[in-house]
Amino acid sequence: PPALPHDADALVGCGERMHPSIPRRPELLLRAAVGLRQEAESRRQRGEAAVAARCRAAALRALDEALPAIEAAGSLPGGPTAGKVTVTAAVMRAQLALGDGDLPLALSALTNPVYGPWTLASSGAAPAVMEGPLATTTLTVALNAFVEAQRFDAARQAMDLLERKA
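This report concerns the structure included in the present document. (Residues numbered from 1 in each chain as written. Predicted model: local features only at pLDDT ≥ 70, side-chain atom pairs only at ≥ 80, totals over all residues. Heavy atoms only, no water.)

### Section: unusual backbone geometry
Argument step 1. In this model, Gln150 sits at a positive phi of 60°, which is unusual for a non-glycine residue.
Argument step 2. Within the element layout of this structure, Gln150 appears in the loop between helix H7 (132-148) and helix H8 (152-165). (Helix = DSSP H or I, 4+ residues; strand = E, 2+ residues; numbered from the N terminus.)

### Section: the nonpolar core
Argument step 1. Of all hydrophobic cores here, the largest spans 29 residues; its most connected members are Val87, Leu110, Trp118, Met130 and Phe146.
Argument step 2. When contributions to this core are tallied by element, the ones reaching two or more residues are helix H4 (80-99), helix H5 (103-111), helix H6 (117-123), H7 and H8.
Argument step 3. The greatest single-element share of this core, amounting to eight residues, is contributed by H7.
Argument step 4. Filtering out sequence-adjacent residues up to four positions away, Leu110 remains in contact with Ala94, Gly116, Pro117, Trp118, Thr119, Val141, Ala142 and Ala145.
Argument step 5. Membership of the second largest hydrophobic core comes to 24 residues, among which are Ala40, Cys55, Val85 and Leu96. (Core = buried A, V, L, I, M, F, W, Y, C linked by side-chain atoms within 4.5 Å. Buried < 20%, exposed > 50% of the residue type's maximum accessible area, 1.4 Å probe, protein only. Contact = heavy atoms within 4.5 Å.)

### Describing the pattern of salt bridges
Argument step 1. Applying the stated criterion to the full structure yields ten salt bridges.
Argument step 2. With a closest N to O distance of 2.8 Å, Glu27 and Arg24 form a salt bridge.
Argument step 3. Between Glu65 and Arg25 there is a salt bridge; the shortest N-O distance is 2.5 Å. Residue Glu65 is located in helix H3 (residues 49-73), and its partner Arg25 is located in helix H2 (residues 25-45); the two are separated by 40 residues in the primary sequence.
Argument step 4. Each of Glu39, Arg43, Arg46 and Glu48 takes part in a single network of salt bridges with overlapping partners. (Salt bridge = Lys/Arg side-chain N within 4 Å of Asp/Glu carboxyl O.)

### So, H7
Argument step 1. For H7, which comprises 17 residues, the first-to-last C-alpha distance of 25 Å matches the rise-based estimate of 24 Å (1.5 Å per residue) to within 8%.
Argument step 2. Of the residues making up H7, those classed as buried are Leu134, Ala135, Thr138, Leu139, Val141, Ala142, Leu143, Ala145 and Phe146.
Argument step 3. Residues of H7 that are buried sit in contact with H4, H5, H6 and H8. (Expected span 1.5 Å × (residues − 1).)

In structure tokens:
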């Protein structure tokens, strides 16, 4: 029988069972990571710490495999949906890194030249991708990271872009 949407074990196993030669593996891993992060948060709120930790760890593994593969490809996956998934995953990676106290990793995810949400938001390079809640979340996460890193010029730029979005 197919896995139910909230079958945490099936979500965790998704990336582990995916064949390495699947052409869209990085995009599929990012989609799985987004679902795993949501499932981890839901399980954490219900007091299921062990399941939440497994989902979070699987999300991190998927992100840490897929994002470098997209960087190596040299461009966002084709289509606005795939681009949004990639940028959403990069923002998520930055948030997780900030939560873990890993500021260099957060800044690296935000400013990556291929998929970096801050790179795309500040340059206007992907307007179809950087709109609505994704843009607002990107700018908020970037603002927090830049303030923490004492990169005040970039923080001011993020704040200005946030004000324009409001």
